[in-house]
Amino acid sequence: MTKRPRVSFVLLFTLSMMLCAGCGALSRGAAVPRGQGNEAVIPGIPNARIYADTDPTRLARLGMKSLEREKAFLASSGYKGPLPPACFLAISGGGDDGAFGAGLLVGWTAQGTRPRFKVVTGVSTGALIAPFAFLGPAYDNVLRDVYTNVSKKDIFTPRNLLTVFFKDALLDTTPLWRLVSRNVDRQMLDDVAAEYRKGRLLLIGTADLDSRKGVIWNMGQIASSDDPKALDLFRKIMLASAAIPGVFPPVLFDVEVNGKAYQEMDVDGGTVAQVFIYPPSLRLKQMSEQNQIKRERRLYVIRNARLDPEWAEVQRRTLSIAGRALSCLIQSQGKGDILTIYNLSQRDGIDFNLAYIPKTFKEPHTEDFDRQYMRKLFDTGYAMAAKGYPWAKAPPGLYLPAKASER
């Protein structure tokens, strides 16, 4: 749920590092050996995951198979004619600022023009939103409830300062696990699987700490599995994508390489990218031309954060300076990720649309997961979308040459 960490988090983390430099680490299974990550599989659920940057061939194959399923579904439905427009939705991290994206989606439903997305991706808090956004308006009530009725006690509980030194994070996210488990049940997985069979894709990003690589999880493939572990795995992936390193515990996944068991340690997908659609190594336009695929494509990016600089007076103290610098780093990373996606859209002929928290939103944010703050932010996103959201056609500050008709 990547977001600027509070100074208290930074303080606790720093103290724990100073006092426990020599403490023994918690046990875990052996990490996947160097260079073998692409061969790692989830036992019983093949094709569940792909390394984002090093396996473009598998990602391209995933896209082509989804197109085959889509064509079969359209034919069975009696559809004739060219392929319909493909709409993509990418939802970013942002912690409790995810209330903005949740409100926007629900307001979009009320406005009446919300598309049925071909692909939905999510990172961090975006990973908690993505499955419900993928399933459409029928799950709007879940988005509204989660982002307007929860507080920090529904997300985490503090750990005793002394036990923190021997644990893997400052906070215990058992409440978040219960929240996810309550809203992600077998019926929901069946709904995801049904849409996957129609050629739609739900992708969630995590970060593999051992390899320092992004992992893309094919949630539709997991939901379609008959393996009894599928539901638990689906929930664990959502939890892992929101696991702020050092603050929330990482999630361990049992994997195999050539029949040998290992464990992969995954954390917040925002560690690698605040938002994603597909890696630059996948050249969508070129692939489409080679396979004679013609269709209109539209991309909608929801950045659960502000893009204008937030002013704050910084105290002349180490932790205050470090915390402010880290929040600046996260904001800059988010802007860079959006620019990368924009450049991909221009290269591959995709209509680009961007939403983000407006600078006119002034509600004080004194603590994480403050219910009043989240409700007002949800209402802001809802109201903007219900009126017809003014999607930005480029990242803020990017110069766009005027069209010939406008000169």
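Structure: above.
Below is a short write-up of the structure. (Residues numbered from 1 in each chain as written. Predicted model: local features only at pLDDT ≥ 70, side-chain atom pairs only at ≥ 80, totals over all residues. Heavy atoms only, no water.)

**Description of the side chain of Asp 348**
Tracing the backbone through its elements, the reader meets Asp 348 in helix H12 (residues 318-348). A residue is classified by how much of its surface remains accessible, and Asp 348, at 5% relative accessible area, is buried. (Helix = DSSP H or I, 4+ residues; strand = E, 2+ residues; numbered from the N terminus. Buried < 20%, exposed > 50% of the residue type's maximum accessible area, 1.4 Å probe, protein only.)

**What to know about the pairing of strand E7 (residues 213-218)**
Summarising burial for E7: 5 of the 6 residues are buried, a large majority. Relative to E7, strand E1 (residues 49-51) runs antiparallel, the two sharing 3 bridges. Within E7, the position partnered with Tyr 51 by the bridge is Val 215. Bridge analysis of strand E6 (residues 201-208) against E7 gives 6 bridges, and the strand direction is antiparallel. Each bridged residue has a counterpart across the sheet, and for Gly 205 the counterpart in E7 is Ile 216. (Pairing = 2+ DSSP bridges.)

**Side note on helix H13 (residues 371-386)**
The end-to-end C-alpha separation of H13 is 22 Å, in line with the 22 Å expected for 16 residues at 1.5 Å each. Buried within H13 are the following residues: Tyr 373, Met 374, Leu 377, Phe 378, Thr 380, Gly 381, Met 384 and Ala 385. Considered in projection along H13, the buried side chains sweep an arc of 155° and stay on one side of the axis. Buried-residue contacts for H13 involve helix H3 (98-111), helix H5 (140-148) and strand E11 (351-357). Downstream of H13 by one or two residues, Gly 388 has phi in the positive range, about 105°. (Expected span 1.5 Å × (residues − 1). Arc of directions from axis to C-beta. Contact = heavy atoms within 4.5 Å.)

**Examining the side chain of Ser 181**
Residue placement: Ser 181 occurs in helix H7 (residues 174-183). A polar contact is formed between the side chain of Ser 181 and the backbone oxygen of Trp 177, at a distance of 2.8 Å. (Polar contact = N/O pair within 3.5 Å; in protein donor to acceptor, adjacent residues only side chain to side chain.)

**Remarks on the packing of aromatic side chains**
Considering all chains together, one arrives at 12 aromatic pairs under this definition. When the centroid spacing of 5.1 Å and the interplanar angle of 50° are considered together, the rings of Trp 108 and Trp 391 count as tilted. One end of the pair, Trp 108, is in helix H3; the other, Trp 391, is in the segment after H13, and 283 residues separate them in sequence. The burial state of Trp 108 is the same as that of Trp 391; both residues are buried. Ring plane angle 70° and centroid distance 5.7 Å describe the contact between Phe 361 and Tyr 373, whose orientation is recorded as edge-to-face. A residue pair is termed long-range when its members are at least 10 positions apart, and Phe 361 in the loop between E11 and H13 and Tyr 373 in helix H13 qualify at 12 residues. For Tyr 373, a relative accessible area of 5% translates into the label buried. (Phe/Tyr/Trp six-rings, centres within 6.5 Å; stacked < 30°, edge-to-face > 60°.)

**Overview of the pairing of E11**
The element E11 is extensively covered by neighbouring structure, given that 5 of its 7 residues are classed as buried. As defined by bridge partners, strand E10 (residues 297-306) adjoins E11 across 7 bridges and the pair is classed as parallel. Of the residues in E11, the one forming a bridge with Arg 298 is Asp 351. Handedness of the β-α-β unit built from E10, H12 and E11 comes out right-handed. (Right-handed = clockwise from strand over helix to strand, strands pointing away.)

**Some remarks on the pattern of salt bridges**
Within this structure, the stated rule accounts for 17 salt bridges. Where Asp 140 meets Arg 114, a salt bridge forms, and the shortest distance between an N and an O atom there is 2.9 Å. Of this pair, Asp 140 sits in helix H5 while Arg 114 sits in the loop between H3 and strand E3 (119-123), and the two are 26 residues apart along the sequence. Judged on exposure class, the residue Asp 140 and its partner Arg 114 are both buried. (Salt bridge = Lys/Arg side-chain N within 4 Å of Asp/Glu carboxyl O.)

Interpretation in functional terms is not warranted from these geometric data alone.
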